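Structural description and commentary
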Amino acid sequence: RVASWDPAVRVQEPPAVAAPSHSLDGCSVLVLDDDGESREVAAAHLTSRKAEVWTAESSPHAIEILQRERIDVILADIAMPGEDGYGFIKRVRALNAKAASTPAAALTALATKEDRRRALAAGFQLHLAKPIDGESLVTAVAKLAGLDRH
């Protein structure tokens, strides 16, 4: 016996499970990376969740932004020409009380256990390996900003 198709019987798809979503509304993020595409991709993910994003291509530019703007979270590459991310975060921690306490993540292609240990020892709270998907990046920023409480 062959079953016939009955247009009156509809197969219902299971409800889609929504990915975890964090609003970064009101959160100000500084993205430091010498690679323009990396800065743009990170900024796009963050602004899509309503974060205010400042970008810098060098450590001196990022320090200038930190001294001028209210920054809630810092994302910084490690391997950059001139001052690298390790030197940058050490300078940030020595700037003033606000900068010293601003949560920061190393967002880098340097992804070994030793790289992670070195980033955390330098003053970063998180070590995020590139490439990183947008949802993981947003979740990490929300965590650093204290917005991930459920």
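Preceding this paragraph is the structure being described.
Predicted, not measured: the structure shown is a model, and the values here were computed from it.

**A word on the overall build of the protein**
Scanning the protein from N- to C-terminus turns up 6 helices and 5 strands. Written out in order from the N terminus, the α and β elements of the protein read β-α-β-α-β-α-α-β-α-β-α. Put simply, the protein has 150 residues, and 41% of those count as buried. Taking the contacts inside the protein whose residues are at least 6 apart along the sequence as the reference set, 64% of them involve residues at least 24 apart. Of the roughly 8,900 Å² of accessible surface on the protein, 53% is carried by carbon and sulfur atoms.

**Some remarks on the environment of His45**
As for its position among the elements, His45 is in helix H1 (residues 36–47). Residue classification places His45 among the partly exposed residues on the basis of a relative accessible area of 29%. Put simply, His45 and Gly134 are 89 residues apart on the chain and 5.5 Å apart in space, counted from C-alpha to C-alpha. The residues contacting His45, other than those within four sequence positions of it, are Gly134, Leu137 and Val138.

**A closer look at the nonpolar core**
Among soluble globular proteins, nonpolar side chains are generally buried collectively. Of all hydrophobic cores here, the largest spans 22 residues; its most connected members are Leu30, Leu32, Leu66, Ile74, Phe88, Val92 and Phe124. Excluding its chain neighbours within four sequence positions, the residues that come into contact with Phe124 are Ala76, Ile78, Gly85, Ile89, Ala104, Ala105, Ala106 and Ala119.

**Some points on a negative patch on the surface**
A contiguous patch of negative charge on the surface is contributed by Asp34, Asp35, Glu37 and Glu40. Considering the arrangement of structural elements, one finds Asp35 in the loop between strand E1 (28–32) and H1.

**With respect to the side chain of Ser28**
Structurally, Ser28 is set in strand E1. Exposure remark for Ser28: the relative accessible area of 0% places this residue in the buried category. Here Arg70 takes part through its backbone oxygen, which lies 2.8 Å from a polar atom of the side chain of Ser28. Once residues within four sequence positions are removed from consideration, Ser28 is found in contact with Glu52, Trp54, Arg70, Ile71, Asp72 and Val73.

**Overview of the sheet that holds strand E5 (residues 126–129)**
Read across the sheet, 5 strands follow the order E2-E1-E3-E4-E5 without closing on themselves; strand pairing throughout is parallel. Edge positions in the sheet fall to strand E2 (52–56) and E5, since each of these pairs with one other strand and no more. On average, each strand axis in the sheet is inclined to that of its neighbour by 20 degrees, with strand direction left out of account. Across 4 bridges, the pairing between E1 and strand E3 (residues 73–76) is parallel. Bridging from a neighbouring strand, Val29 pairs with Val73 of E3. With respect to the sheet, helix H2 (residues 59–68) is in contact with E1, E2 and E3, its orientation differing from that of E2 by roughly 145 degrees.

**Side note on the environment of Glu114**
By the element assignment, Glu114 lies in helix H5 (residues 113–122). Within the structure, the side chain of Glu114 is placed 2.5 Å from the side chain of Arg117, a separation counted as a polar contact.

Parameters at a glance
- Residues numbered from 1 in each chain as written.
- Predicted model: local features only at pLDDT ≥ 70, side-chain atom pairs only at ≥ 80, totals over all residues.
- Heavy atoms only, no water.
- Helix = DSSP H or I, 4+ residues; strand = E, 2+ residues; numbered from the N terminus.
- Buried < 20%, exposed > 50% of the residue type's maximum accessible area, 1.4 Å probe, protein only.
- Contact = heavy atoms within 4.5 Å.
- Areas by Shrake-Rupley, 256 points an atom, 1.4 Å probe, with all protein chains shown as cover.
- Core = buried A, V, L, I, M, F, W, Y, C linked by side-chain atoms within 4.5 Å.
- Patch = residues over 30% accessible without salt bridge, like charges linked within 9 Å, V, L, I, M, F, W, Y side chains within 5 Å.
- Salt bridge = Lys/Arg side-chain N within 4 Å of Asp/Glu carboxyl O.
- Lys, Arg positive; Asp, Glu negative; His and termini not counted.
- Charge placed at Lys NZ, Arg CZ, Asp CG, Glu CD.
- Polar contact = N/O pair within 3.5 Å; in protein donor to acceptor, adjacent residues only side chain to side chain.
- Pairing = 2+ DSSP bridges.
- Axes fitted to C-alpha atoms, helices over the stretch in contact; angles between N-to-C directions.

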